[in-house]
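Residue-level listing of the chains:
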Amino acid sequence: MSEAAIAARAVTKRFGRAAALHDIDFELARGETLAVLGANGAGKTTLLRLVAGLARPTEGTLSVFGEAATRPESRRRIGYVGHATGIYPA
């Protein structure tokens, strides 16, 4: 089996006492896609920010092609544009 493009193992993200994500596990091979669905506040954006290396999990590990998602080498391999892009308003 080839190395996973993105792998999450027991990922938890807390903000204070509130858990935005709890014990998330998944693995994506190169070329696979993942749809992330859920209600407002379900943790979708938090998960995407973790995968993009813009935040660190409170617990667990996230890797991109075998490297920690927060490493600069991994961050260069992931593109992320959130709902608030930081671009000047029109």
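Quick notes on the rules
- Residues numbered from 1 in each chain as written.
- Predicted model: local features only at pLDDT ≥ 70, side-chain atom pairs only at ≥ 80, totals over all residues.
- Heavy atoms only, no water.
- Helix = DSSP H or I, 4+ residues; strand = E, 2+ residues; numbered from the N terminus.
- Buried < 20%, exposed > 50% of the residue type's maximum accessible area, 1.4 Å probe, protein only.
- Patch = residues over 30% accessible without salt bridge, like charges linked within 9 Å, V, L, I, M, F, W, Y side chains within 5 Å.
- Areas by Shrake-Rupley, 256 points an atom, 1.4 Å probe, with all protein chains shown as cover.
- Salt bridge = Lys/Arg side-chain N within 4 Å of Asp/Glu carboxyl O.
- Pairing = 2+ DSSP bridges.
- Contact = heavy atoms within 4.5 Å.
- Axes fitted to C-alpha atoms, helices over the stretch in contact; angles between N-to-C directions.
- Core = buried A, V, L, I, M, F, W, Y, C linked by side-chain atoms within 4.5 Å.

This part covers unusual backbone geometry. For residues other than glycine, phi is negative in most cases, and the peptide bonds are mostly trans. Positive phi values are uncommon outside glycine, yet Ala10 reaches one of about 50°. Its place among the elements puts Ala10 in strand β1 (residues 6–15). The class for Ala10 is partly exposed, based on a relative accessible area of 32%. Here the phi dihedral of Phe65 falls at roughly 50°; this positive angle occurs in a residue that is not glycine. Within the element layout of this structure, Phe65 appears in the loop between β3 (59–64) and β4 (67–68). A relative accessible area of 21% means that Phe65 is categorised as partly exposed.

This next bit is on a nonpolar patch on the surface. Side chains of Leu34, Val36 and Leu48 sit close together on the surface and give an oily, nonpolar patch of about 220 Å² of accessible area. Taking relative accessible area as the criterion, Leu48 reaches 38% and is therefore assigned partly exposed.

This part covers the sheet that holds strand β2 (residues 18–28). Across the sheet, which stays open at both edges, the four strands sit in the order β2-β1-β3-β4 with antiparallel pairing between neighbours. Each edge of the open sheet carries a strand with a single partner, namely β2 and β4. As judged from the five bridges shared by β1 and β3, these two strands associate in the antiparallel manner. Directly across from Thr12, in β3, lies its bridge partner Glu59. Strands β1, β2 and β3 of the sheet are contacted by helix α1 (residues 44–51), whose axis makes an angle of about 55° with β2.

All right, on to the nonpolar core then. Core analysis: the largest hydrophobic core is formed by 14 residues, its most contacted members being Ile6, Phe26, Leu50, Val51 and Leu62. Contributions of two or more residues to this core are made by β1, β2, α1 and β3. Non-local contacts of Leu62, meaning those with residues more than four positions away in its chain, are made with Ile6, Ala7, Ala8, Val11, Leu50, Val51, Glu67, Ala68 and Ala69.

By themselves, these figures tell us nothing about what the structure is for.
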